[in-house]
Structure formats: C-alpha cells, structure tokens
Amino acid sequence: MIELRLPFRPPYDWAAIRAFLAKRAIPGVETVETDGSAYARTVHLAGRHGILTVRPGDEGLRVGLRCVDPGDVPAVTARLRRLFDCDADPAAIVDCLAGDPVLAPLVAARPGLRLPGAWDPFETGCRAILGQQVSVAAAIGLAGKLVAAFGTRLAAPVGGLTHVFPAPDDLVEADVALALNMPRARGAAIRALAAAALADPDLFAPAGSLEEAVLRFTAIRGIGPWTAQYIAMRALKLPDALPVGDVGLLRALESGTGRPSPAALLVRAEAWRPFRAYAAQHLWAADEAAAKGR
C-alpha cells in the first residue's frame, strides 16, 4: 500500500464533493463508505489494475494506493488533484461570484465548494453521453450496465469494486445500445467518442480556449453543446465552461417571474467569468438541496 497526501487551499468542502461522487458512483467501479469517510475506485494504469482510496485529513486529502507501481505515483497524484480540485483558489472564486444576488448566499454558505474533475476523461465523456436527457440516477444505472457488459473484471475484487471502466478499444465496435437497451443514437455516440479517442491521443489534452474545446467535441457525431461543455468542465477542468441549456441551472435561477431562458442565462453569466463552471456547481448543489425539500 502506498500512502499520499494531497494538500489544498482551505476551506475545502469534503462533504459536498463526497456527496457528488456518491450520487454518481458507477457500480463495480466506485464506492463511497456509508459514513461518508472515504471514496474508492478502480483504476487502470500502464496495463495494471489497482484501487485507490481517498479520505479527508487534517492537512489535505489522504490517499491509499493498492497495486499501483511507485513509478506511476506522480501521474496518479496529478489526476487526483484534478478530480478533487485541489488547486482551486476558493477566495478568488467567492470574490468573483458574490456579486450575483442568487449566488451570494450560496458561496457564503459553501465557500469551499469544489468543481469535481475526472479520473478518466474518456469515462467522463461516456458518462456525459449516457446522461443526455435522463436523470442522474438513470445515467448511473446505464453506466453500471456498460461496465458489467464491457468492463474488465478485477482478478481479485474488493468489496463492491469489481471492474475497471471500459477503454475506448472495448467500446469502439460494441453494440452499446443493444446491451443497455437505450436509443441507438446514444450508443453510436459512445462508439464515435471511442473512435475519436483512439484516432487522436490528444483528444482530452488541455485546450487553448473553451471555444476550441467545445468545437473539438461537437465535431464528434452525437455530441452537442451541452455534452461538450460538460466534458470541458469535468474532463478538461476549464473553469469557465457552462452547459447553458441545463434544466437544473435554469430551475435554480427561477424567480417570481419564472425561469430564465438559456439566452438570458448566458447574458447573466458574463459576470461570473472566469468561474462560470463554479457558479454552475453552486447552482446544481442548491437545486439538489431544494429537490430534497420538495
């Protein structure tokens, strides 16, 4: 077992990022302990399968790595820092967003809210496609079926961790729609994303701009602006990404005169730059909290 520590700038809202990951944990690939103390997942690194576990600590997040080669530790550390948004500057984000009357109380209540990233960008792209026009629960159910059908089973499963997520090679010719009993267009989009990832090793490399990233992904058949913005937000960690037409964002901004239009949201969000993605995360968190009370 290798142990690491991931420092960050406080405050850090572990409860929020843990809840986000728990709600979206893919069966077989991810688990979150019932007391909320640890997140664990399977990983595929340099032809080897391993397991990582992340817990909150006094001076940063505590990480345990099982079956991971010591030579892979720097790459693992960098990926985990993106996944858990350890390099964010909470003070700068709060200063930027506190001028909006809806966001002001949200950032005041949760100044350490982070923007969850991605362990595996291809996995995140598949999640985004599976999440098109369905609930989070439905999307995770589909992701679990995808893993069961096309993922690789661990030689020695640990608890609920049984598989690694399928690689592009596993899905490029797979009949995903048939296996998951979902619209063929979405299955074709996953195959197209897999083909694009195999054809271009830099598909998920950092982009020069948000516009460049969106164009890169919308060029793939079956990926529209919402999905492209979501991939840019999670997989590329672009802090100004914004899925403008997202119903959760529009619902969270609903006032006595109704919900804003996507066009009106885009105008309002100009004041949130360069942290529109963090504004979206606050609005989604508020919308989920409101849904529990309804």
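Everything quoted here is computed from the prediction, not taken from an experiment.

1. Quick notes on the packing of aromatic side chains
Per the counting criterion, the structure on display carries seven aromatic pairs. Taking 5.8 Å as the distance between ring centres and 80° as the angle between the ring planes, the aromatic pair formed by F275 and Y278 counts as edge-to-face. Residue F275 is classed as buried on the basis of its relative accessible area of 17%. Using a relative accessible area of 6% as the deciding quantity, one classes Y278 as buried. Taken together through their ring pairs, the aromatic side chains of W14, Y39 and F84 make up a single cluster. We note R24 situated over the ring of F20; from NZ or CZ to the ring centre the distance is 3.8 Å.

2. Topic: the environment of I93
Relative to the elements of secondary structure, I93 occurs in helix α3 (residues 90-97). Considering only alpha carbons, one finds I93 and P166, 73 residues apart in sequence, at a separation of 35 Å. With near-sequence residues (within four places) excluded, I93 lies in contact with A88, F275 and Y278.

3. Overview of the pairing of strand β4 (residues 48-55)
Two elements, strand β3 (residues 39-45) and β4, share seven bridges in a ladder whose sense is antiparallel. Bridging from a neighbouring strand, L45 pairs with R48 of β4. A loop of two residues connects β3 with β4, the two strands running antiparallel in sequence, and A46 in this loop sits at a positive phi of about 50°. Relative to strand β5 (residues 61-66), β4 runs antiparallel, the two being bridged by five bridges. Paired with I51 across the two strands is R66, which belongs to β5.

4. Thoughts on the environment of L97
Topologically, L97 is positioned in helix α3. When its relative accessible area of 0% is taken as the criterion, L97 is described as buried. Sequence separation of L97 and R273 is 176 residues, and the distance between their C-alpha atoms is 8.6 Å. In this structure L97 touches L103, A104, V107, W272, F275, Y278, A279 and H282, once residues within four positions along its chain are discounted.

5. Points about helix α9 (residues 184-199)
With 16 residues, α9 extends 22 Å between its outermost C-alpha atoms, agreeing within 8% with the 22 Å of an ideal straight helix rising 1.5 Å per residue. Along α9, the residues that are buried comprise R186, G187, A189, I190, L193, A194, A196 and A197. Close packing links the buried residues of α9 with α5 (121-130), α6 (136-150), α7 (168-171) and α8 (176-180).

6. Some words on the nonpolar core
Formed by 86 residues in total, the largest nonpolar core has its most connected members in L80, F84 and F204. Beyond its immediate stretch of four places on either side in the chain, L80 contacts L6, L52, V54, V63 and W119. In this structure, A40, L154, L161 and V164 belong to the second largest nonpolar core, which totals five residues.

7. Some points on the pairing of strand β7 (residues 161-164)
Examined bridge by bridge, strand β6 (residues 152-158) and β7 share three bridges and lie antiparallel to one another. Across the sheet, the residue bridging to V158 is L161, located in β7. In this structure, the hairpin formed by β6 and β7 is closed by a connection of two residues, where G159 is found at a positive phi of approximately 60°.

8. Some details on helix α11 (residues 225-234)
The element α11 is largely enclosed, with a buried count of eight among its 10 residues. Residues of α11 that are buried include every one of T227, A228, Q229, Y230, I231, A232, M233 and R234, and no others.

9. Description of the packing of α5 against α9
Between α5 and α9, the least distance of the axes is 9 Å, while the angle of their chain directions is 160°. Between α5 and α9, the interaxial angle falls into the category roughly antiparallel. As α5 runs across α9, the sense of the crossing is right-handed. Residue-level inspection shows F122, G125, C126, I129 and L130 of α5 in contact with α9, the latter providing R186, A189, I190, L193, A194 and A197.

Each value, and the rule that gives it
- Residues numbered from 1 in each chain as written.
- Predicted model: local features only at pLDDT ≥ 70, side-chain atom pairs only at ≥ 80, totals over all residues.
- Heavy atoms only, no water.
- Phe/Tyr/Trp six-rings, centres within 6.5 Å; stacked < 30°, edge-to-face > 60°.
- Buried < 20%, exposed > 50% of the residue type's maximum accessible area, 1.4 Å probe, protein only.
- Lys NZ or Arg CZ within 6 Å of the ring centre and 35° of its normal.
- Helix = DSSP H or I, 4+ residues; strand = E, 2+ residues; numbered from the N terminus.
- Contact = heavy atoms within 4.5 Å.
- Pairing = 2+ DSSP bridges.
- Expected span 1.5 Å × (residues − 1).
- Core = buried A, V, L, I, M, F, W, Y, C linked by side-chain atoms within 4.5 Å.
- Axes fitted to C-alpha atoms, helices over the stretch in contact; angles between N-to-C directions.
- Parallel < 35°, antiparallel > 145°, perpendicular 65-115°, else oblique.
- Left-handed = near helix turned anticlockwise from the far one by under 90°.

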